[in-house]
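Residue-level structure breakdown
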Amino acid sequence: MALFIAGAAFLWILFFSSLVVNIKRREIVAAVALSTPFAFAALSTEALIWYGLGPLAALIWLIYLARGVYGSWLKGIFFILGVMWLHGLLLIAIDVTTGGVLTKAYGVGLHPFQRWNVPVIAAADTSALYTAAEVLKKLLKLWR
């Protein structure tokens, strides 16, 4: 389970990083380093603090990447937090328009006999994140 959680965190961090910059070795190494605490947190209850610190470290890394692209910390913070908020709003819109399919999929969780929800969640999450990043990129081009 720890490897599954770390792998999911690695892919998510790498995907989000690819929406900000072109992926090079530095981003892959950073994604591995930032996803490792999630594996440690799943192994023991004493390490549960990493579930809080892991996302915070990933957020700081993503803001750092966006700062390099957009030239200032303010624009980097605006881009990353704006993408996250718009991503959430898009997921809510998808859930409402599909009649609660995402809510049902998240409710099932990782049940071993029901695997229909994993591709539904993955498709909705990645498409909403990609759309949100493209919208914010266009908004930041107007800001320049």
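Scope of this entry: the structure provided in the associated data block. (Residues numbered from 1 in each chain as written. Predicted model: local features only at pLDDT ≥ 70, side-chain atom pairs only at ≥ 80, totals over all residues. Heavy atoms only, no water.)

A word on the overall build of the protein chain. Helices and strands together make up the secondary structure of the protein chain, namely six helices and zero strands. When its helices and strands are written in sequence order, the protein chain yields α-α-α-α-α-α. Its C-alpha radius of gyration of 16 Å places the protein chain within 12% of the 15 Å reference for a compact globule of 144 residues. For the protein chain, the C-alpha atoms occupy an extent of roughly 50 × 40 × 25 Å along the three principal directions. Counting every position in the protein chain, which comprises 144 residues, the buried fraction comes to 35%. Counted over contacts in the protein chain with a minimum sequence separation of 6, partners at least 24 positions apart contribute 60%. Of the roughly 8700 Å² of accessible surface on the protein chain, a fraction of 74% belongs to carbon and sulfur atoms. (Helix = DSSP H or I, 4+ residues; strand = E, 2+ residues; numbered from the N terminus. Rg over C-alpha atoms; globule rule 2.2 N^0.38 Å. Buried < 20%, exposed > 50% of the residue type's maximum accessible area, 1.4 Å probe, protein only. Contact = heavy atoms within 4.5 Å. Areas by Shrake-Rupley, 256 points an atom, 1.4 Å probe, with all protein chains shown as cover.)

With that out of the way, let us pick up a nonpolar patch on the surface. Taken together, the side chains of Phe-40, Leu-43, Ile-49, Trp-50, Leu-53, Leu-56 and Ile-60 make up a nonpolar region of the molecular surface, amounting to roughly 710 Å² of accessible area. At the level of elements, α2 (25–43) and α3 (50–70) are the ones that each hand at least two residues to the nonpolar patch. When residues in the nonpolar patch are grouped by element, the largest group, four residues, is from α3. Positionally, Leu-43 belongs in helix α2. Given a relative accessible area of 62%, Leu-43 falls into the exposed group. (Patch = residues over 30% accessible without salt bridge, like charges linked within 9 Å, V, L, I, M, F, W, Y side chains within 5 Å. Salt bridge = Lys/Arg side-chain N within 4 Å of Asp/Glu carboxyl O.)

As a further point, take the environment of Leu-11. Structurally, Leu-11 can be placed in helix α1 (residues 2–20). Remark: the alpha-carbon pair of Leu-11 and Ala-31, spanning 20 residues in sequence, is separated by 7.9 Å.

Our next topic: helix α6 (residues 117–143). Here α6 contains 27 residues, and its C-alpha end-to-end distance of 39 Å stays within 8% of the 39 Å for a straight helix at 1.5 Å per residue. Taken as a whole, α6 has its buried residues at Asn-117, Ile-121, Ala-124, Asp-125, Ala-128, Leu-129, Ala-132, Ala-133, Leu-136 and Leu-140. In the core, the buried residues of α6 are packed alongside α1, α3, α4 (73–97) and α5 (101–108). (Expected span 1.5 Å × (residues − 1).)

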